[in-house]
Amino acid sequence: TDDGPVHLNLAFNPSHLEIVNPVVEGSTRARQTRRGDLRGDEVMAVLIHGDAAFIGLGTNQGTLNLSQTRGYRTGGTVHVVINNQIGFTTSDLRDARSTIYCTDIAKMIDAPIFHVNGDDPEAACLVVQAALEFRMKFRKDVVVDLVCFRRHGHNEADDPFVTQPMMYKKIAAHPGVRRKYADRLIAEGVIDGDGAEAMIDAYRAALDRGEHVEQTKLTEYRRMFAVDFTRFAGNHWRHPATTAVPQADLIRLTDKFTRVPEGFKLRSTVEKVIADRCEMARGNLPADWGMAEHLAYATLLTEGYGVRISGEDSGRGTFSHRHAVLHDQSREKWDQGAFVPLQFLSDNQAHFLVIDSILNEEAVLAFEYGYATSAPDELVIWEAQFGDFANGAQVVIDQFITSGEAKWGRLCGLVMMLPHGYDGQGPEHSSARIERYLQMCAEHNIQVVMMSESAQMFHVLRRQMLRPVRKPLVIIMSKRLLRYKDAMSPIDDITRGSFRTVIGDTADLDARKVRRVIVCSGQVYYDLANARKERGIKEIAIV
């Protein structure tokens, strides 16, 4: 352009309309983070919508709600609604929506909405210019409602006269936007009739010759912020990784993330959690799941990997096991009372963000998927408040997370944490149906783990970044094991060892007398092991 090169990136869009929008927002945020573009001066999202889908599908309520929140804002998005007035086949306003305009959903964030006639290209250009200037000045979303029509109805084989006879009688008589604009330019003396036809003929001839009709692409232009994905290509999921960390390093980092500012008053229960973590690092107490997570994040951060965690209760953890955000009980101090110790490990650490998201799964998970695909060197985690709440984001899981690599070659290292595993609440909270995720596994597309020891959490999170492999990771977490003493690991399991896909029987059994082997995963192991111990059974092994 006249002001320098602009890199345009087009997102892969599945047929589930509008679900790509929060994906684009996440990718935009990741690119801004990579550039240090905190205001959105250098990277901007442009979303193109259909009229009925924009207001009807629901995804955009979540996407718009994210637009000004701290963990998700991207400095304003330009929304262009291609308003062909039929949506799919419904155009009767008594059926299509409960508002006058399809863009009325954007009123929820007070976004300005420009309605413009698609028959007038110059008016459309003027409106887009105004929209861009608004976005750059106020850093908020803006909507352009381009009122137009679709010549062929719902699709090219559709007969729109069946359902929209009056509208399509008018459309059939419409000369088309190009013809109308050419006639206008001829009437104004800008071009003559032969000149208009010559432009069309030249363009068509270039297409027929297989030439590039768009000549603005720069050759040999090197994008300084491009990410090299080739290092992740073709590597097997069994690729080894050294995930253990020396105890001295763990103690040093623990002393950092258990330190609170002077005069910062903690809740007594949190105070005990912090004190226990100091003892866990020194081997005086076994490490629980919250500690294993913290050690994984702290080590990755100081090794240069950013960490981003989002979800409806991510700061403290739904079941109060994480406590990554500490709150001053006097509340008038220290940035309104919140302190994030993992942001203060060292001067040159990678960035850490944990955010309590809006109460939404679909848009938030899609945002995190988009972020993860554009930030392969950052550990990106979405945590469901309860595992089965992921059901509200099933489209994202089906269309992107489990299939994006097969469909588009798009690599993604997103981690989905699904807490609460059948802990006595029956069908109300079923941890998102473990079998559903197993059914979606094909050709090494995703990793599904249901762990029984806290050290496994430390190793699997580090492994997710340290291996030259980027595959989505689904962690089925047990609420019960978060504080179950037998599931806590000695510090030696963290300072040595690695993630184990199979854990053999640790009981004192004579292998020659074993008649049955039970294979299980997760918390059910402890039920089986305890029952075996109570009954004095020696001929059953548990793997």
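Above this note sits the structure.
The rules behind each value
- Residues numbered from 1 in each chain as written.
- Predicted model: local features only at pLDDT ≥ 70, side-chain atom pairs only at ≥ 80, totals over all residues.
- Heavy atoms only, no water.
- Axes fitted to C-alpha atoms, helices over the stretch in contact; angles between N-to-C directions.
- Helix = DSSP H or I, 4+ residues; strand = E, 2+ residues; numbered from the N terminus.
- Parallel < 35°, antiparallel > 145°, perpendicular 65-115°, else oblique.
- Left-handed = near helix turned anticlockwise from the far one by under 90°.
- Contact = heavy atoms within 4.5 Å.
- Salt bridge = Lys/Arg side-chain N within 4 Å of Asp/Glu carboxyl O.
- Buried < 20%, exposed > 50% of the residue type's maximum accessible area, 1.4 Å probe, protein only.
- Expected span 1.5 Å × (residues − 1).
- Pairing = 2+ DSSP bridges.
- Phe/Tyr/Trp six-rings, centres within 6.5 Å; stacked < 30°, edge-to-face > 60°.
- Core = buried A, V, L, I, M, F, W, Y, C linked by side-chain atoms within 4.5 Å.
- Patch = residues over 30% accessible without salt bridge, like charges linked within 9 Å, V, L, I, M, F, W, Y side chains within 5 Å.
- Areas by Shrake-Rupley, 256 points an atom, 1.4 Å probe, with all protein chains shown as cover.

Asks: Where do I start with the packing of helix 10 (residues 268–281) against helix 11 (residues 289–302) in this structure?
Replies: Packed helix pairs are specified by the crossing angle of their axes together with the interaxial distance, meaning the distance between the axes. With their axes 10 Å apart at the nearest point, helix 10 and helix 11 run at an angle of 70° to one another. Compared by their axis directions, helix 10 and helix 11 come out roughly perpendicular. Relative to helix 11, the crossing made by helix 10 is right-handed. Taking contact as the criterion, the partners of R277, M280 and A281 in helix 10 are, on helix 11, G290, M291 and H294.

Asks: Please explain the pattern of salt bridges as it appears in this structure.
Replies: Opposite charge on two side chains lets them pair, provided their charged atoms get close. Evaluated as defined, the whole model comprises 27 salt bridges. D255 is the salt-bridge partner of R282, the closest N and O atoms lying 3.0 Å from each other. With R282 in the loop between helix 10 and helix 11 and D255 in helix 9 (residues 247–257), this residue pair connects regions lying 27 residues apart in the sequence. Under the relative-accessibility criterion, D255 is labelled partly exposed at 27%. Connected via shared salt-bridge partners are D120, E122, R184 and E188.

Asks: Would you explain helix 13 (residues 362–374) in this entry?
Replies: One full turn of an α-helix is made of 3.6 residues, so residues set three or four places apart face in the same direction. Its 13 residues give helix 13 an end-to-end C-alpha distance of 19 Å, which sits within 8% of 18 Å, the value for a rise of 1.5 Å per residue. Most of helix 13 sits out of view: 13 of its 13 residues are buried.

Asks: Can you walk me through unusual backbone geometry in this structure?
Replies: Glycine aside, residues mostly have negative phi angles, and peptide bonds mostly take the trans form. Look at R139: it is not a glycine, yet its phi comes out positive at around 55°. Tracing the sequence through the fold places R139 in the loop between helix 5 (121–138) and strand 4 (142–147). According to the relative accessible area criterion, R139 is buried, its value standing at 15%. At H444, a position not held by glycine, the phi torsion is positive, near 60°. Its place among the elements puts H444 in the loop between helix 16 (434–439) and strand 11 (447–449).

Asks: Help me understand the sheet that holds strand 3 (residues 113–117), please; the structure alone is not making it clear to me.
Replies: Backbone hydrogen bonds are what pair the strands of a sheet, in a parallel or an antiparallel way. Pairing in this open sheet of 4 strands is parallel, and the strands run 1-2-4-3 from one edge to the other. A single partner strand is all that each edge strand has here, and the edge strands are strand 1 (45–50) and strand 3. Pairwise comparison of adjacent strand axes, ignoring direction, gives a mean angle of 20° for this sheet. Pairing of strand 3 with strand 4, which is carried by 5 bridges, proceeds in the parallel orientation. When the sheet's bridge partners are listed, F114 is paired in strand 4 with V144. In the packing of helix 1 (residues 20–35) onto the sheet, the strands contacted are strand 1 and strand 2 (77–83), and the crossing angle to strand 1 comes to about 175°.

Asks: Help me understand the environment of L218 in this model?
Replies: Residue position: L218 is located in the loop between helix 8 (193–208) and helix 9. The exposure class of L218 is partly exposed, given its relative accessible area of 47%. Sequence separation between L218 and H7 is 211 residues, and the spatial gap between their C-alpha atoms is 9.7 Å.

Asks: Explanation requested: the packing of aromatic side chains in the structure shown.
Replies: The relative placement of two aromatic rings is captured by the distance of their centres and the angle of their planes. Taken as a whole and assessed by the stated rule, the structure comprises 14 aromatic pairs. With a centroid separation of 6.2 Å and 40° between ring planes, the pair formed by Y297 and F352 is classed as tilted. In this pair, Y297 is assigned in helix 11 and F352 in strand 8 (residues 352–356), connecting sequence segments 55 residues apart. What makes Y297 buried here is its relative accessible area of 0%. For F352, a relative accessible area of 5% corresponds to the buried category.

Asks: It is not clear to me how the pairing of strand 2 should be interpreted in this structure. Could you clarify?
Replies: Taken residue by residue, a regular strand's side chains alternate between the two faces of the sheet. Across the 7 residues that make up strand 2, a large majority, 6, are buried. Across 6 bridges, strand 1 lies against strand 2 in parallel orientation. If you follow I48 over to strand 2, its bridge partner there is V80. Of the pairings in the sheet, the one linking strand 2 to strand 4 comprises 6 bridges and is parallel in character. Note that in strand 4 the partner of V80 across the bridge is V144.

Asks: Where do I start with the nonpolar core in this structure?
Replies: Soluble globular proteins: nonpolar side chains tend toward being buried together. Counting residues in each nonpolar core, the largest one holds 54 residues, and the members touching the most others are Y297, F352, L379, M417, M457, L461 and I475. Sorting elements by how many residues they give to this core places helix 11 first, with 9 residues. The next biggest cluster of nonpolar side chains, apart from the first, holds 40 residues, and it includes A363, V380, I397 and I446.

Asks: Would you mind showing me how to read the sheet that holds strand 10 (residues 415–418) here?
Replies: If you walk across this open sheet you meet the 6 strands as 8-5-9-10-12-11, and the pairing is parallel. Looking at strand neighbours, the two that pair on one side only are strand 8 and strand 11, the edges of this open sheet. Here the strands of the sheet are splayed against their neighbours by 15° on average, with no regard to which way each runs. Of the strands in this sheet, strand 5 (306–311), strand 8, strand 9 (378–383) and strand 10 touch helix 11, which is tilted by about 140° from strand 5.

Asks: What exactly am I supposed to notice about the side chain of H459 here?
Replies: Structurally, H459 is set in helix 17 (residues 454–466). Accessibility expressed as a relative area gives 1% for H459, which makes it buried. In contact with H459, not counting residues within four places along its chain, are T243, A244, D493, I494, R496, G497, S498 and F499.

Asks: Sorry if this is basic, but what is going on with a nonpolar patch on the surface here?
Replies: There is a patch of nonpolar side chains on the surface, built from V502, V517, V519 and V543 and spanning about 360 Å² of accessible area. As for its position among the elements, V519 is in the loop between strand 13 (516–518) and helix 19 (524–535).

Asks: Explain the side chain of T299 to me, please; I cannot follow it from the model alone.
Replies: If you trace the backbone, T299 turns up in helix 11. Residue class for T299 comes out buried when judged on its relative accessible area of 2%. If sequence neighbours within four positions are ignored, T299 has contacts with V245, L250, L253, F458 and R462.

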